[in-house]
Amino acid sequence: MEKKLMIKALNKKAEAVETLAKGESKAVAALLESGTELQMPVGCTTVFDTGWETNPRGTHPIGNCQASVRDFMGCSGDCWWPAQTPDGLTNNTDYHEVCSNMARDWRTIKYD
Amino acid sequence: MKHEWADHRIFQAKDGAILYGVDHASLFLVDSSVQEVISRWVSEPTVDLSKASESDRDVLEGLRDILLLKPAGSAKTWPPVRFDPEEFPMSTMVLEVAQDCNLRCTYCYAEGGSYGGQARLLDSETAREAARYLVRESGDLKDLTLVLFGGEPLLNMPAIKAAVLEAEKMASAAGKRLLVSLTTNGTLLNAEIVSFFRDHRVVVSVSLDGPPDLHDANRPYASGKGSYAKILSRVRGLLENHTAAVAARVTLTPDQWSRCEEVFDHLMALGFHEVGIAPASPISKDLLPDLEQEKVLLQSFAAMARRFSRVAREGRILPFANLIELLGRLHMGQTKAVACGAGYGYLAVDAAGEFYLCHRLAGEKGFEVGNLETGADPEKIRSCLGHVTAGKDQMCEKCWARTLCSGGCHYENHLRENALGIPPGSSCNFILSWLQIGIELYADLRHAGADKLLAQFEKRTGC
């Protein structure tokens, strides 16, 4: 589409945001194509925050993957806030828009 | 669905404009048509995509896809959620091994190295105890950092050795990796010390302020004699025999800010691997810059950015630490909800075994947050952090740089606001301009196709 030429991602975060947008708009097509088109797990979490592999240990943040635990403990604050994210394909399709940052915006999500 | 604008900022670039999304620290290059659509729509309180013309809608949908337009009534994006210090295990300990110094630097914030009290050295048993505390309290963390600091740490090699050996032993037993770093004035370096650093892979920074006239004016001995000549003779052994990169750490007073490039060149010619330049903290009104001086520093840093850009076109990274650090963060799009790690797994320990929020606040009684015996006191940490960040949320709410800066250095703010009585926000102009230099340089490097070079930052910065 023409708009892709008008807006070009420069840094890694911008690429991640774009990937997210592509994933959302092509969700159905991606499912039909066995999900290979998406660079992220389909049907579980749809944002680039981690959270689908659980951390069995009893330390904080409980329930997140190893990588996200490391991120959480990093000294530079919340560069990647790890959080279990809601299902963005069926029940919370506008999740990435109403909750772009889980740590901050989680109250806006209406869990069923 | 109605949308509203997410905070963003536009900077001009060679081949269009840079669109910076505040919430995610995302950077996009946009062309003039996008800029034109934004300028027409940005003052609308809400954007109804169904009411836009087809060509506008194309652009607006693109902006929605990159999260610059969000559903109307979405949550406020600031302030961020505050963390609880208790949830953070120890990750970095700064050990004040010597609260004493053989130099009397004009801009020293530690009052001649003693941090305002009696000059004293950390005893070796306390050093070992501190090392054990770091490892014991580090929870599941695999990577720990021990920083040896002062005063001049080399005045107390017994404590350095005790801390490093104990921390290595404990970390290794716990299956953790330990990084040890040290900042020295270089006057006491000798072959034995250099060999200890090499054997224990200690990352060393040397405080050196540039050419002799400048350095000696800033960093004299207690006698008043300059320290440059002595350091030069001693630092060679370190530069020639150390396997790790050795950085020069420069501090310049406002009247010296026009000399950044000269200082950088001088130190690189001496053989340092990297140079970082810090403006002196305003420990007194004399060191508080006026607007003209601030402008000079920004011009100097902008000149360094132009050099960075030229060198990058030859496929090399200019080893100017300030820009490397900033470009790394911009490349990854790292956002921050807190200004730094102080109190969140990062603590300083003084010679008496007392904990402080950070190394720069050591000795300030109001920032004492526990001790080796009783451990870190989360209540005190919360209270200190609350004190240094008071009022910042409202102040930062409308600022485009809030997710990159998050309020700035606690110590710097404390000095300006509490010691000098200046209203909050006095360093904002400098910080914003500096971040803009970085953002424009980043876009310029992308424009130049320096993608491989930028990819090197991914490893360095991590996330």
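Residues numbered from 1 in each chain as written. Chains lettered and ligands numbered in written order. Predicted model: local features only at pLDDT ≥ 70, side-chain atom pairs only at ≥ 80, totals over all residues.

**Description of the overall build of chain B**
Working step 1: When helices and strands are counted, chain B shows 16 helices and 17 strands.
Working step 2: Computed over its C-alpha atoms, the radius of gyration of chain B comes to 24 Å, within 12% of the 23 Å expected for a compact globule of 463 residues.
Working step 3: Across its three principal axes, chain B shows a C-alpha extent of roughly 75 × 45 × 45 Å.
Working step 4: Looking at chain B as a whole, 48% of its 463 residues qualify as buried.
Working step 5: When contacts within chain B are restricted to residue pairs at least 6 apart in sequence, those whose partners lie at least 24 apart make up 72%. (Helix = DSSP H or I, 4+ residues; strand = E, 2+ residues; numbered from the N terminus. Rg over C-alpha atoms; globule rule 2.2 N^0.38 Å. Buried ≥ 20, exposed ≤ 12 C-beta atoms within 10 Å, placed from the backbone. Contact = placed C-beta atoms within 7 Å.)

**Thoughts on the overall build of chain A**
Working step 1: Along the backbone of chain A there are six helices and one strand.
Working step 2: Counting from the amino terminus, chain A carries its helices and strands in the arrangement α-β-α-α-α-α-α.
Working step 3: Across the 112 residues of chain A, 38% fall into the buried class.

**Remarks on the sheet that holds strand β5 (residues 47-48) of chain B**
All names here are of chain B.
Working step 1: With respect to topology, three strands assemble into an open sheet ordered β5-β1-β6, the strand pairing being antiparallel. Because the sheet does not close on itself, it has two edges, and the strands there are β5 and β6 (69-71).
Working step 2: Two strands pair when backbone bridges link them, and strand β1 (residues 2-5) and β6 are joined in this way by three bridges, in the antiparallel orientation. Across the sheet, residue Trp5 finds its bridge partner in β6, namely Leu69. (Pairing = 2+ DSSP bridges.)

**Here we look at the nonpolar core**
Residue and element names in this part refer to chain B.
Working step 1: Within the largest apolar cluster, 137 residues are counted, with the highest numbers of intra-cluster contacts made by Leu95, Leu146 and Ala163.
Working step 2: Among the elements that make up this core, the one with the highest residue count is helix α4 (residues 157-173) (eight residues).
Working step 3: With near-sequence residues (within four places) excluded, Ala163 lies in contact with Leu95, Val97, Ala127, Arg128, Ala130, Ala131, Leu146 and Leu148.
Working step 4: With six residues, the next largest nonpolar core counts Ala25, Cys399, Leu404 and Cys405 among its residues. (Core = buried A, V, L, I, M, F, W, Y, C linked by C-beta atoms within 7 Å.)

**Points about the environment of Phe196(B)**
Working step 1: Position of Phe196(B) relative to the elements: it lies in helix α5 (residues 191-199).
Working step 2: Separated by 153 residues in the primary sequence, Phe196(B) and Ser43(B) have C-alpha atoms spaced 62 Å apart.

**Notes on helix α2 (residues 54-65) of chain B**
Residues and elements named next belong to chain B.
Working step 1: Taking 1.5 Å as the rise per residue, α2 with twelve residues should run 16 Å; its terminal C-alpha atoms sit 16 Å apart, in good agreement.
Working step 2: Residues Val59, Leu60, Gly62, Leu63, Arg64 and Asp65 constitute the buried set of α2.
Working step 3: Looking one or two residues beyond α2, the residue adopting positive phi is Leu67, at roughly 65°. (Expected span 1.5 Å × (residues − 1).)

**Quick notes on the pairing of strand β3 (residues 16-21) of chain B**
All names here are of chain B.
Working step 1: With respect to burial, β3 is a largely interior element, five of its six residues being buried.
Working step 2: Relative to β3, strand β2 (residues 8-13) runs antiparallel, the two being bridged by six bridges. Bridge pairing links Phe11 to Ile18 in β3.
Working step 3: Between β2 and the antiparallel strand that follows it, β3, lie two residues.
Working step 4: Relative to strand β4 (residues 26-30), β3 is paired through five bridges, and the arrangement is antiparallel. Looking across to β4, one finds that Leu19 is bridged to Phe28.
Working step 5: Counted between consecutive antiparallel strands, the loop separating β3 from β4 contains four residues, among which Ala25 sits at a positive phi close to 55°.

**Quick notes on the packing of helix α1 (residues 32-41) of chain B against α2(B)**
Residues and elements named next belong to chain B.
Working step 1: Running from N to C, α1 and α2 point in directions that differ by 95°, and their axes come no closer than 10 Å. If you check the angle between α1 and α2, you find them roughly perpendicular. Within the contact between the two elements, α1 uses Ser33, Val34, Val37 and Trp41 and α2 uses Asp56, Val59 and Leu60.
Working step 2: A per-class count over the contact of α1 with α2 returns five nonpolar, one polar and one charged. (Axes fitted to C-alpha atoms, helices over the stretch in contact; angles between N-to-C directions. Parallel < 35°, antiparallel > 145°, perpendicular 65-115°, else oblique. Nonpolar A, V, L, I, M, F, W, Y, C, P; charged D, E, K, R; others polar.)

**Remarks on the environment of His24(B)**
Working step 1: Along the chain, the position of His24(B) falls in the loop between β3 and β4.
Working step 2: Here the alpha-carbon distance between His24(B) and Gly333(B), two residues 309 residues apart in the chain, equals 6.7 Å.

**Some details on the packing of helix α3 (residues 124-136) of chain B against α4(B)**
All names here are of chain B.
Working step 1: α4 packs onto α3 with a crossing angle of 30° between their chain directions and a minimal axis gap of 8 Å. Here α3 lies roughly parallel to α4, going by the angle between them. For the crossing formed where α3 meets α4, the hand is right-handed. Along the contact surface, α3 presents Ser124, Ala127, Arg128, Ala130, Ala131, Arg132, Leu134 and Val135, while α4 presents Pro158, Ala159, Ala162, Ala163, Glu166, Ala167, Met170 and Ala171.
Working step 2: Per-class residue counts for the contact of α3 with α4 are twelve nonpolar, one polar and three charged. (Left-handed = near helix turned anticlockwise from the far one by under 90°.)

**Concerning the pairing of β1(B)**
Working step 1: With two bridges connecting them, β1(B) and β5(B) associate as antiparallel partners. For Lys2(B), the partnering residue across the bridge sits in β5(B) and is Asp48(B).

**With respect to the sheet that holds β2(B)**
Working step 1: The strand order across the open sheet formed by four strands is β1(A)-β4(B)-β3(B)-β2(B), and the pairing between neighbours is antiparallel. The outermost strands of the open sheet, each flanked by one partner alone, are β1 (7-9) of chain A together with β2 of chain B. Taking each pair of neighbouring strands and ignoring which way they run, the sheet shows an average axis angle of 30°.
Working step 2: Taken strand by strand, helix α15 (residues 428-447) of chain B contacts β2, β3 and β4 of chain B, and its axis lies near 55° from that of β2(B).

**Describing the confidence of the model for chain A**
All names here are of chain A.
Working step 1: Put simply, chain A has an average pLDDT of 52, and 16% of its residues get 70 or more.
Working step 2: When mean pLDDT is taken per element in chain A, β1 scores highest with 91 and helix α3 (residues 27-32) scores lowest with 34.
Working step 3: Across residues 24-60, where pLDDT falls below 50, the model places 61 contacts with residues more than four positions away in sequence or in other chains. (pLDDT = per-residue confidence, 0-100.)

**Thoughts on α3(B)**
All names here are of chain B.
Working step 1: The terminal C-alpha atoms of α3, which comprises 13 residues, lie 18 Å apart, in line with the 18 Å expected from a rise of 1.5 Å per residue.
Working step 2: Regarding α3, the residues found buried are Thr126, Ala127, Ala130, Ala131, Tyr133, Leu134 and Val135.
Working step 3: The elements touched by buried residues of α3 are β7 (92-99), β9 (143-150), α4 and β14 (346-349).

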